[in-house]
Structures are given as structure tokens and as C-alpha cells.
Amino acid sequence: MMKRSFVGKPTWWRPATTEIQISPIREFVIRCSNHDIHGAISAMDILQTLHIRADPLVYSSLIKSCIEARDIHSGRRVHRHLFDSDGNIPATFLINQVLGMYVRFQRVEEARQVFDVMPEKNVVSWTTMISAYTNMKRGRMGLELFVMMGRSGVMPNMYTFSSVLRASDGLETVSMIHCPIVKVGLDSDVFVRSSLIDVYAKWGDLQSGFYVFDEMPTRDLVVWNSIISGYAQDGNGHVALDLYSKMRRAGFPANQGALTSVLRACTGLTLLEMGRQVHTHSIKFLTDLILNNALLDMYCKCGSSEDATCLFDRMVEKDIISWSTMISGLAQNGRNVEALELFDRMPLKPNYITMVGVLFACSHAGLVEKGWRHFNSISNPGREHYGCMVDLLGRAGKLDDAVKFIKEMNCEKDVVIWKSLLSSCRVHKDVELAGIVGRRILELNPDEEGAHILLSNTYADSQQWEKVREVRWEMKARGVKKEPGCSWIEVGNRIETFIVGGSSTRTHQEMESVSKEVVRLIDRVTNEGGYIPDTSFVLHDVEVEQKKESLKYHSEKLAVAFGLMMLGKDKDIRVIKNLRICGDCHNFVKLVAMVERRKIVIRDAVRFHHFQHGVCSCGDYW
DNA sequence: ATAGGGTTAG
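Looking up chain A in an unreviewed UniProt entry gives the name Pentatricopeptide repeat-containing protein, mitochondrial, with the organism given as Zostera marina. In its Sequence similarities (unreviewed entry) section, the UniProt entry covering chain A states "Belongs to the PPR family. PCMP-H subfamily."

Draft legend 1. Region of the structure containing the protein's contact with DNA strand B. Around DNA strand B there are 50 residues in total, and N96, S194, D220, Q256 and N293 lie nearest to it. Of what DNA strand B places within 4 Å of the protein, 44% of the atoms are sugar or phosphate. Separating a base nitrogen of DNA strand B from a side-chain N or O atom of N96 is a distance of 2.9 Å. One of the side-chain nitrogen or oxygen atoms of S324 is found 3.3 Å away from a base oxygen of DNA strand B. Grouping the amino acids of the surface near DNA strand B by side-chain chemistry returns 16 nonpolar, 25 polar and nine charged.

Draft legend 2. Region of interest: unusual backbone geometry. One non-glycine residue with positive phi stands out, namely T270, at about 55°. Looking at T270, the relative accessible area reads 6%, which means it is buried. Notably, H613 is not glycine yet its phi reads approximately 50°, a positive angle. With respect to the secondary-structure elements, H613 resides in the loop between strand 6 (608–612) and strand 7 (615–616).

Draft legend 3. The pairing of strand 4 (residues 573–577), seen in detail. For strand 4, the buried fraction is high: five of the five residues fall into the buried class. Alternating positions in strand 4 separate into two faces, I573, V575 and K577 on one and R574 and I576 on the other, with burial throughout. As judged from the three bridges shared by strand 1 (residues 486–491) and strand 4, these two strands associate in the antiparallel manner. Bridged to W488 within strand 4 is I576. Pairing of strand 4 with strand 5 (residues 600–603) involves four bridges; the strand directions are parallel.

Draft legend 4. Seen up close, the packing of aromatic side chains. Scanning the entire structure with this criterion turns up 14 aromatic pairs. Taken together, a centroid distance of 5.1 Å and an interplanar angle of 90° make the contact between F312 and W323 edge-to-face. Taken together, the residues F312 in helix 18 (residues 305–314) and W323 in helix 19 (residues 320–332) connect sequence positions 11 residues apart. Overall, the relative accessible area of 4% leaves F312 in the buried class. Residue class for W323 comes out buried when judged on its relative accessible area of 9%.

Thresholds, definitions, all that
- Residues numbered from 1 in each chain as written.
- Chains lettered and ligands numbered in written order.
- Predicted model: local features only at pLDDT ≥ 70, side-chain atom pairs only at ≥ 80, totals over all residues.
- Heavy atoms only, no water.
- UniProt positions renumbered as here; feature names shortened; annotations may be inferred.
- Near = heavy atom within 4 Å.
- Polar contact = N/O pair within 3.5 Å; in protein donor to acceptor, adjacent residues only side chain to side chain.
- Nonpolar A, V, L, I, M, F, W, Y, C, P; charged D, E, K, R; others polar.
- Buried < 20%, exposed > 50% of the residue type's maximum accessible area, 1.4 Å probe, protein only.
- Helix = DSSP H or I, 4+ residues; strand = E, 2+ residues; numbered from the N terminus.
- Pairing = 2+ DSSP bridges.
- Phe/Tyr/Trp six-rings, centres within 6.5 Å; stacked < 30°, edge-to-face > 60°.

In C-alpha cells form, the structure reads like this:
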């Protein structure tokens, strides 16, 4: 009798590859993967011991489930399965899915390892890696991969371009990427366009960004917001607001992103009333963290820390930006102690920016000891932190300590640091040190306007008119111009601007009545508040009467007078000034707030002054 | 299977 001989395993035990035989298991795996990943993977283990290769859909479904369940361990098991089963190389699209999974789990290096050994990389593989790197702020690597991709002969698509644009490190790179986009006609894609607009704006070429925007046949909300936020961030709030209303007229609804950009524009322009209006539109998005943070910042920077506090207390979710915004916002509004208390209550780890706000609060509250303690708690202090400390020591009159600190500090001694010291020299009338520091600044940057002014002011304080003339002459020779004092106030839906001695938005006649109001106020505070003009703030060597005359027309006085004339009794007067408020105006406004029984808020170049009942929130320490 | 915009200091 012939014996039947078997070679290897019996035929019925052969790896089954047909759809019919595996389909029950496949269905089991897919069904499991929705609620029980471990069970599903165990089923895969069984398949493997049976030498049954699951079909791609099974893997695809499993990977998706792992991502959804945020289960990286199971993800790794599926990954191993994919490559272990009998040496076959998985389909590229499956490996791409594995890449995507690791990227989602923030494991770019793991993704990279898989990517590097992929035999066939397609557009998706490359794009997944490039966008992973750009999202992790590793743009350099993203660009490198983009170049490698080109060399490997794979054509980028719109997905690739919109990702790689965000990795660009300067205008040169942007235009280098822009060229091929135009060449292959991918600039019609809205994603590519919004990336282009954003990245042009980011590197300071808003004009090119606007050009990309302007020639678009079809736009969507994101494209609109890209250009709006570009202008808002560039400090061009008026253009941003104008574009926003155009967007609304074009029929687009205001979503979170758009409202956030509009708020930023309001913040930049210090438009509190408009900001409030935006707030009412924002209640639809009550829980949007970014929008809330923008609102906090708007209220703080528009001088209403009360509104900011109220919103902050109601916010369900707060991140480090919310806390940092509130801390420095309170400090900018003279609520330094509260700022520091808030910092003590903060449940999150402070970052670089948080500590800038904390030190700012210490320096404006004159808390030297506390400032030192906080400074020493920073593990890796940077330029801004050193700057705050110089400010802190200088303001407190510890000029020697400030000099010592600068000498010993482990960071570049730039113009900002020296300017901070120079302004302390002026406050504490140290003419000698001012001369040295001023010269130092002008060596670093001969066209530094602020240093010239500070220096000449310091000399003027101590009546060294010869030196004042010297500095003024040097400014003239260098063509350095003093920025004229300028104040503005929001009345109705308009902004009224006042420059020294006049107005840029009112007629001559209207100015006459504003001047009359200033005179009336001066009389009133002189009689009822004992106001004496402090002519030491007039910096030219002229007769006393002439000095008094010139003080009258400081822009902040005009703006305050205008506000009192135009706004209802129940409204606070809110004025913004481009330079620092002068000492005479500071005293004057304190008295006006008292005799007129009004709350007056002036934001100068550095911070807010809240005047009420004859005192200022800064405690005259500024 | 891969893509775009919005928030804190200076």
C-alpha cells in the first residue's frame, strides 16, 4: 500500500490567503477594535500563529482605533504585527498610517525611524513627516525633508506646500517655495493661499501677503482671517478692522478665530468700547480658551482690569497664557500687589513670560527684596528678566546696585538695558552717571532717539543748558527727531487725536473751545486743588511765563479736557498717550479727577495711570 | 492615509 507522504504541514493547514477563509476572523477583529483593542490584537496574534495574513483593512481599522483610544502601546503592537507577518512588506498607505499614528502620539522620532526604512515613500509619507516637524517647531528639519523629497523625485502637492510654508525661516525661503507653487498652479488652493498669506505676514512682508489675498477668486473664512490677523499683529489695527467689516459684508460669519483677531486689533488701538462690543459677539463661544485669553488681554490693555478680573474668575479653563496675561495685566494697571498674590495662587508652572510679568510687578511696586527672590527662582533668566531687574534696582534708587548687576549679568548688554538705567538716572537726578550711560548708548546706536531725549532731559533737570544744547545740536546733525507728544481718546465710534498744542482731527474752532476748557480746568484746580504748574518739565531754557504757557498744551491735557466736554457724567475718561506722561500733567490730572469727581485713566507708553479722588494707582512711582 | 487662520512679554 502506498503511503501518502506529507511534505511539511498538511495542505489544509497551509496559510489561508483567500478572502473567504479569513473573513470571519477579520470581522471579529474589526468588531473588537471598536471597543476592545487588546482583544482584537490577541485575535491578530492567533492569525499570525496560523500564518494568516490579515488584509489591509483590518490593520487600517486597528490603527484608527489605537489613535482614538490614545493607546500607543497597542499601536506599537499593531506596527510590529504589520512588519512581522512572513516578511512581506506592507502597502505604503498602511505604513503611512503608522507614521500618522506616531505623529499623533507626538513620537516624531519613532515615526522617523519607520519613515527612514520605508522602501517606497509617496507624497503622503513625505508630507506627514514634514508637517510633523513643522508642528513641533522644528522647521529646519521640515525644510530639509522637503529638499530631500524633491531629490527623490516625488512631486509635492497642496498638502505638502501648505505644511512646508509654515516651516520657512525667512522671506527668502518663502519666495523660494512660492515660485514652484505658482509654476504648478497650486496657488489656487485655499489652504496654500492662507499659508502663504500667513507666512508673508509673519516675516514682515504684509504687502506680498495682501497681494496673494487680493487676487484670490474664492476665499474662505480662514483666508480672510489670515490677512486680518496679519494686519492686527503688525500693529495695523485700522486695516484689520476694515478688512473684518469687508469680510462680514461678503457674507462670512464671525467665528472664534476672526473674533480673536478683531480683539487683537482693538487691543492694539486701545478701543475699549469696540472691544466690549466684540465681547458680546463672543458669548456664543463661551468656552473658547484662546478667545477668552484675547478678551482678558484686551480688557487689561484697554485699562479695565476690573472687566478682566471678572472674566478671569468665570473662565472654566485657564492655561498659562490666561494666568500670565492677568498677572502682567494687573501690574500694568497699577494693581501690583494683587498681581503678585495671583502669581502665588497660580497652580501651573510659570514660563518665561509669566516671570517677566512678575518682575514687572515687583519693579513697579518698588519691592526690591521680593524681586530678587523671584529673579533667583528663574532657572534660565533671559534678556527681559535682566531688563526688569535693572529697572527694579534703578527705580528704587539703587543705581550702584544696578550698575553692578549689569556688569555681572550673564547676557548681552544691549541698548534696552542701558536705556532702562538711563531713565532711572533721570528719575533720581544722577547727571554724572546719565552722561556716561547716555554716551554708551549712543556708541551702540547713534540714532537712538530715546537716549538723546533722556539725556537732554536729565541735563535740563539740573539746568545744564550748555549740555542740553550740545545734545540737541547732535540730534539735529544726525537728523534724529523727537517724536511729538500725542494723545487720543475714543468718543462715540471715533478716535480723536491730539498732538502737542493742537489736534489732528478737529477744526481750529473746535480747538479753541478745547483750549478754553483747559484754561477753565487750570483755574479750577488752582483754586480748589492748589495746583502749581511744575515748570521743571519744560525742557527749554525760556522764561517762566513762557514755560507755563507751553505746559498748557501738552496733548494729554487737551485730550482729557475734550473727554470732559464730550462724554456723559457717568463715563470714565480714558486717554492714551504715545510717550510717558509728564510729571506736571500727572499732578494736574490727579487734581482734575478730584475736583471734577471723575475717574480718569491714562495709558502712557509703559503702563496705565488710574486717577481717582486725587490719587493715582501708580502711587507716583513711575 | 497628508494641509491653512486666532491668545501672554519686548
